[in-house]
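Geometric and topological summary
The primary structure of each chain is shown beneath.
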Amino acid sequence: MRLGPAAESAVRQGHPWVYTDRIKEQNRAGNAGELAVIYDRQDRFLALGLYDPDSAIGLRILHVGKPVTVTPDWWRERLRASRERRRGLFDDQTTGYRWIHGENDGWPGLVLDRYEQTVVLKLYSTVWLSRLTELVPMLFAEFHPDRLILRLSRNIQEAAAKAGLGDGFEAVAPGPEAGDVRFVTATADPVIVFQESGLRFEAEVVRGQKTGFYLDQRENRRRVETYAAGRDVLNAFSFSGGFSLYAARGGARSLTDLDISAHALASAKRNVALNLDQARITGCRHESVQADCFDWLATGPRREFDLIILDPPSLARREHERAGAIQAYGKLAASGIGRLRPGGILLSASCSAHVTEGEFFGVVRDTARRSGRHHSELCTTRHAPDHPATFPEAWYLKAIYLQF
Ligand code: SAH
């Protein structure tokens, strides 16, 4: 393949995506997941990628620089590098974390999360479908899980079905040889109990959001624990109550989980029940409210809190939703600030990749200023270390802490 000049220099500088309309020449049609070799303007080897005819990103870069021979050992080395990058990050108190974070670890469109002895392989691109029989035995050999669950993002489920694969399938009889692996529908919905910072949580690995848990918020949850002592805490968009359990262990006086989903709130209750051996968690009042957070925060019962966590789902899934999302973040922050007692802390988080860090922090800071309340900024945070970001589009998660 040959690329347009801008795409060529982006690839040279390490950007992992080439949009289809930037591919200027290819010597033949290809299949999803085939290796594509890119030559530069001087006809020298530039890079190697996975061809992705089903996506607007037509090529996902694997390697840039000198020519390489792609062998099973080359792939294995890549798996080891991902594992090595996480060496020393977690002790035995944390058994749920990300082993492979897509292009940031050299595996474009592929995520591997660990929950105890189960790993969840989540694919966001069809490029891996034809490589699973080779890849899955390697994953067993390198990471030694008891079981492997396959999850598929919505946009690739149709293509996967044609290959006999479905969301939530489980690998069976993985032998050492490529080709030994088969995928079958997981019989029951496996709920894995794992630990994060010594707290027990369940992950619904087959049907749950993402791969079953929001592993990317771990560092923020740890920080919330240090701010929680003696506070009445509102966990808005609580999902399975991750932030709440840390707040309880940090000595919160009361916890209110607020989510639109009864299923999420039930999971949060079970997670509290899993940790009742910890005195502070037993001693903390816990309540669930099923409601739309936007409505409840703006017009719900007049209640105030000392720590409010706002961690909504992505509010801009597409570029054209960006402006609306920024506005919505402002509205949420304004309602949150309106419910904070003096000295109260607001944690406002955004996982919208289309909203930049500058835009997000900007709207939250403006909203705080406009509230007219005296406040100070405690800190801002970015990605957890098992979710490294190596190119601009990868910086999706950002959070800001303000005290009033
Ligand atoms: N903070 C969580 C992750 C939040 S995921 C954690 O650390 O684990 C987003 C959650 O928001 C989901 O549970 C979803 O059910 C909920 N949600 C989505 N839209 C909502 C709305 N308008 N009001 C309330 N909850 C909503």
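Read on for a plain summary of the structure. (Residues numbered from 1 in each chain as written. Predicted model: local features only at pLDDT ≥ 70, side-chain atom pairs only at ≥ 80, totals over all residues. Heavy atoms only, no water.)

Focus: the overall build of the protein
Looking only at helices and strands, the protein has 11 helices and 21 strands in total. In terms of C-alpha radius of gyration, the protein reaches 23 Å, essentially the compact-globule figure of 22 Å for 404 residues. Taking the principal axes of its C-alpha atoms as reference, the protein extends roughly 65 × 45 × 35 Å. For the protein, the proportion of its 404 residues judged to be buried stands at 55%. Of the side chains in the protein, 53 bear a positive and 50 a negative charge, and the two mean positions are spaced by 4 Å. (Helix = DSSP H or I, 4+ residues; strand = E, 2+ residues; numbered from the N terminus. Rg over C-alpha atoms; globule rule 2.2 N^0.38 Å. Buried < 20%, exposed > 50% of the residue type's maximum accessible area, 1.4 Å probe, protein only. Lys, Arg positive; Asp, Glu negative; His and termini not counted. Charge placed at Lys NZ, Arg CZ, Asp CG, Glu CD.)

Brief notes about the packing of aromatic side chains
Applying the stated criterion across every chain yields a total of 19 aromatic pairs. Both rings, one in Trp75 and one in Trp107, keep their centres 5.4 Å apart while their planes meet at 35 degrees; by these two values the pair is tilted. Placement of Trp75 in helix α2 (residues 72-85) and of Trp107 in the loop between β7 (96-101) and β8 (110-115) is noted, with a sequence separation of 32 residues between them. Of the two residues, Trp75 and Trp107, neither departs from the other in class, the shared state being buried. Residues Phe201 and Tyr246 carry aromatic rings whose centres are separated by 6.4 Å and whose planes lie at 15 degrees to one another, so their mutual orientation is stacked. Taken together, the residues Phe201 in strand β14 (residues 199-204) and Tyr246 in helix α6 (residues 242-249) connect sequence positions 45 residues apart. No difference in accessibility class separates Phe201 from Tyr246, as the two residues are buried. Residue placement shows Arg223 over the ring face of Tyr401; its charged tip is 5.7 Å from the ring centre. The lysine or arginine in question, Arg249, covers the ring of Tyr246, its NZ or CZ lying 5.7 Å from the ring centre. (Phe/Tyr/Trp six-rings, centres within 6.5 Å; stacked < 30°, edge-to-face > 60°. Lys NZ or Arg CZ within 6 Å of the ring centre and 35° of its normal.)

Some remarks on unusual backbone geometry
For Phe237, which is not a glycine, the phi torsion comes out positive at approximately 60 degrees. You can see Phe237 is positioned in the loop between β15 (232-236) and α6. Here Phe237 falls in the buried class, since its relative accessible area comes to 15%.

Here's the deal with the site of the ligand
Near the ligand lie 16 residues; those nearest to it are Arg221, Asp259, Ile260, Cys293 and Asp311. Asp292 is positioned such that a nitrogen or oxygen atom in its side chain is 3.1 Å from a nitrogen atom of the ligand. Backbone polar atom of Cys293 to a nitrogen atom of the ligand: 2.8 Å apart, as the coordinates give it. Against a free-state accessible area of 580 Å², the protein chains account for coverage of 90% of the ligand. When grouped by side-chain class, the residues that make up the shell around the ligand number 9 nonpolar, 3 polar and 4 charged. (Near = heavy atom within 4 Å. Polar contact = N/O pair within 3.5 Å; in protein donor to acceptor, adjacent residues only side chain to side chain. Areas by Shrake-Rupley, 256 points an atom, 1.4 Å probe, with all protein chains shown as cover. Nonpolar A, V, L, I, M, F, W, Y, C, P; charged D, E, K, R; others polar.)

Section: the sheet that holds β8
Spatial ordering of the open sheet is given by β7-β8-β9-β10-β11-β12, a layout of 6 strands whose pairing is mixed. Of all strands in the sheet, those bounded by a partner on one side alone are β7 and β12 (182-185). The average angle at which neighbouring strand axes cross in this sheet is 30 degrees, direction not considered. Along the sheet face, helix α3 (residues 132-143) touches β7, β8, β9 (118-123), β10 (147-152), β11 (169-172) and β12 and points at about 135 degrees away from the line of β10. (Pairing = 2+ DSSP bridges. Axes fitted to C-alpha atoms, helices over the stretch in contact; angles between N-to-C directions. Contact = heavy atoms within 4.5 Å.)

Looking at the environment of Arg86
Its location among the elements puts Arg86 in the loop between α2 and β7. Since its relative accessible area comes to 4%, Arg86 is described here as buried.

Overview of the pairing of β11
Bridge analysis of β10 against β11 gives 2 bridges, and the strand direction is antiparallel. From the neighbouring strand, Leu150 faces β11, where its bridge partner is Phe169. Bridging between β11 and β12 involves 4 bridges; their strand directions are antiparallel. Pairing of Val172 across the sheet is with Arg182, part of β12.

Structural notes on helix α1 (residues 5-12)
When we look at burial in α1, the residues that qualify are Ala7, Glu8 and Val11. Buried residues of α1, seen end-on, are gathered within an arc of 105 degrees and therefore sit on one face of the element. Residues of α1 that are exposed and point more than 90 degrees away from the buried face comprise Pro5 and Ala6. The inward-facing, buried residues of α1 contact β1 (2-3), β2 (17-19), β5 (45-51) and β6 (57-64). Once α1 finishes, Gly14 follows within two positions and takes phi at roughly 105 degrees, a positive value. (Arc of directions from axis to C-beta.)

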